[in-house]
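Spelled out, the chains give:
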Amino acid sequence: MAQYCLPVLLTGLVWAAVLKGGLCEQNSDCSNAGPGDCTFAGTFCNWTAVGWTTNGDHVKVSSSGDQHSATLRSRVVCAANTPHCLRFHFSYDGPPGGALDVFVEQSNDRRSRWRIEPTSSTSTWQDASVYFVTTSEFRVMFQATWDAGQNSVFSLQNVTYENADCEMSPPEAFVPSGGSYVRTTTEGTSKGAEGCRVQFVVLGVCFLLWRCCVSDVFSLSPRRCLGIWRGG
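Our subject in this report is the structure included herewith. Small disclaimer: the values here were computed from a predicted structure and weren't measured.

### Section: the sheet that holds strand β8 (residues 126–133)
(1) Moving on: Read from one edge of the open sheet, five strands run β2-β3-β10-β5-β8, paired in antiparallel fashion. Of all strands in the sheet, those with a lone pairing partner are β2 (53–55) and β8, marking the two edges. For this sheet the average axis-to-axis angle between neighbouring strands, irrespective of direction, equals 35 degrees.
(2) Moving on: Of the strand pairs in this sheet, strand β5 (residues 83–93) and β8 are connected by eight bridges, and their pairing is antiparallel. Paired with P83 across the strands is V133, a residue of β8.

### Overview of the environment of S31
(1) Moving on: Here S31 is to be found in the loop between α1 (5–23) and β1 (48–50).
(2) Moving on: Judged by its relative accessible area of 14%, S31 is buried.
(3) Moving on: Apart from the residues lying within four places of it in its own chain, the contact partners of S31 are R75, V76, V77, C78 and A79.

### Side note on the state of the cysteines
(1) Moving on: For the coordinates displayed, the defined rule picks out three disulfides.
(2) Moving on: Here C30 pairs with C78 through a disulfide, and the sulfurs are 1.8 Å apart. Torsion about the S-S bond of the C30 and C78 cystine: about 100 degrees, corresponding to right-handed handedness. Of this pair, C30 sits in the loop between α1 and β1 while C78 sits in the loop between β4 (69–73) and β5, and the two are 48 residues apart along the sequence. Exposure class is identical for C30 and C78. Each is buried.

### What to know about the side chain of S63
(1) Moving on: Structurally, S63 is set in the loop between β3 (58–62) and β4.
(2) Moving on: Since its relative accessible area comes to 13%, S63 is described here as buried.
(3) Moving on: Within polar-contact distance, the side chain of S63 engages the backbone nitrogen of S152 at 2.9 Å.

### Observations regarding the packing of aromatic side chains
(1) Moving on: Per the stated rule, a full pass over the model turns up eight aromatic pairs.
(2) Moving on: Considering the side-chain rings of W47 and F142, the 5.7 Å spacing of their centres and the 40 degrees angle between planes classify their relative orientation as tilted. Of this pair, W47 sits in the loop between α1 and β1 while F142 is found in strand β9 (residues 139–145), placing the two residues 95 residues apart along the sequence. You'll find W47 and F142 in the same group, each marked buried.
(3) Moving on: Three or more aromatic residues joined by ring pairs make a cluster, and in this case those are F40, W47, F88, F90, W114 and F142.

### Description of the nonpolar core
(1) Moving on: Membership of the largest hydrophobic core comes to 31 residues, with the highest contact counts inside it found for W52, L86, F88, L100, W114, F142 and L156.
(2) Moving on: For this core, the secondary structure elements donating two or more residues are β3, β4, β5, β6 (99–106), β7 (109–116), β8, β9 and β10 (153–162).
(3) Moving on: The contact partners of W52, leaving out residues within four places of it in the chain, are F44, V59, K60, V61, A70, T71, L72, A144, F154, S155 and L156.

### Regarding the environment of I116
(1) Moving on: With respect to the element layout, I116 can be found in strand β7.
(2) Moving on: Between the C-alpha atoms of I116 and A128, which are twelve residues apart in sequence, the distance is 9.9 Å.
(3) Moving on: Every residue in contact with I116, bar those within four places of it in the chain, is listed here: F90, G98, A99, L100, P170 and E172.

### Section: the environment of S63
(1) Moving on: A C-alpha to C-alpha distance of 8.8 Å links S63 and D147, two positions 84 residues apart in sequence.
(2) Moving on: Once you skip the residues sitting within four places of it in the chain, S63 turns out to touch W146, Q150, N151 and S152.

### Focus: the pattern of salt bridges
(1) Moving on: As enumerated under the stated definition, the model contains four salt bridges in all.
(2) Moving on: The residue R73 makes a salt bridge to E105 at a minimum N-O spacing of 3.1 Å. Within this pair, whereas R73 is found in strand β4, its partner E105 is found in strand β6, the two being separated by 32 residues in sequence.
(3) Moving on: What makes R73 partly exposed here is its relative accessible area of 21%.

Conventions adopted
- Residues numbered from 1 in each chain as written.
- Predicted model: local features only at pLDDT ≥ 70, side-chain atom pairs only at ≥ 80, totals over all residues.
- Heavy atoms only, no water.
- Pairing = 2+ DSSP bridges.
- Helix = DSSP H or I, 4+ residues; strand = E, 2+ residues; numbered from the N terminus.
- Axes fitted to C-alpha atoms, helices over the stretch in contact; angles between N-to-C directions.
- Buried < 20%, exposed > 50% of the residue type's maximum accessible area, 1.4 Å probe, protein only.
- Contact = heavy atoms within 4.5 Å.
- Disulfide = S-S within 2.5 Å.
- Polar contact = N/O pair within 3.5 Å; in protein donor to acceptor, adjacent residues only side chain to side chain.
- Phe/Tyr/Trp six-rings, centres within 6.5 Å; stacked < 30°, edge-to-face > 60°.
- Core = buried A, V, L, I, M, F, W, Y, C linked by side-chain atoms within 4.5 Å.
- Salt bridge = Lys/Arg side-chain N within 4 Å of Asp/Glu carboxyl O.

By themselves these figures say nothing about function.
Next comes the structure, spelled out in structure tokens:
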């Protein structure tokens, strides 16, 4: 059996590394400080924007050409099993037909936790808050959408976050029917604790096989190999 020790050990370590890279890579890369507070005054802070542009003290997106949506995505957040409250200001300029969603992305799921569909332009900044609970690492994503050919502008500013309860606002905001679970490929979010547990199981098996190899080399008993020998 001794001649198989090194191949067995190396194979186990390779599998453990693959599992770690594919399933647990975000454990050390997520943020404990939330999605990231940002005024959006000339900067996107830690948020990743697709289609949004900075405009003085806020960010905005204007419908144009073939573009029908724009996203603003936070960093990965570590916090789980706790209440979350996201607050922000928004405004809308345009006819009915546009929508602004706040999605929470976990693993391979994306769920809209807040939506507003303005029926007319807003004359002032509107206060908004979103409440949600997560079970794993997550991202927050703003998504503005509008109908083809529509001339409209969504604007955002002053995003803040805290681990606390809050009421959804404004009154016309709602959660889409059924929670709007959408299967997606959410790059950078956690693959879940289950994968990490599999990694530890693989490492444990590797350690057990290594002990058995060592026991064979030194002619130890199987009871010592399994670590249950009590002497006597």
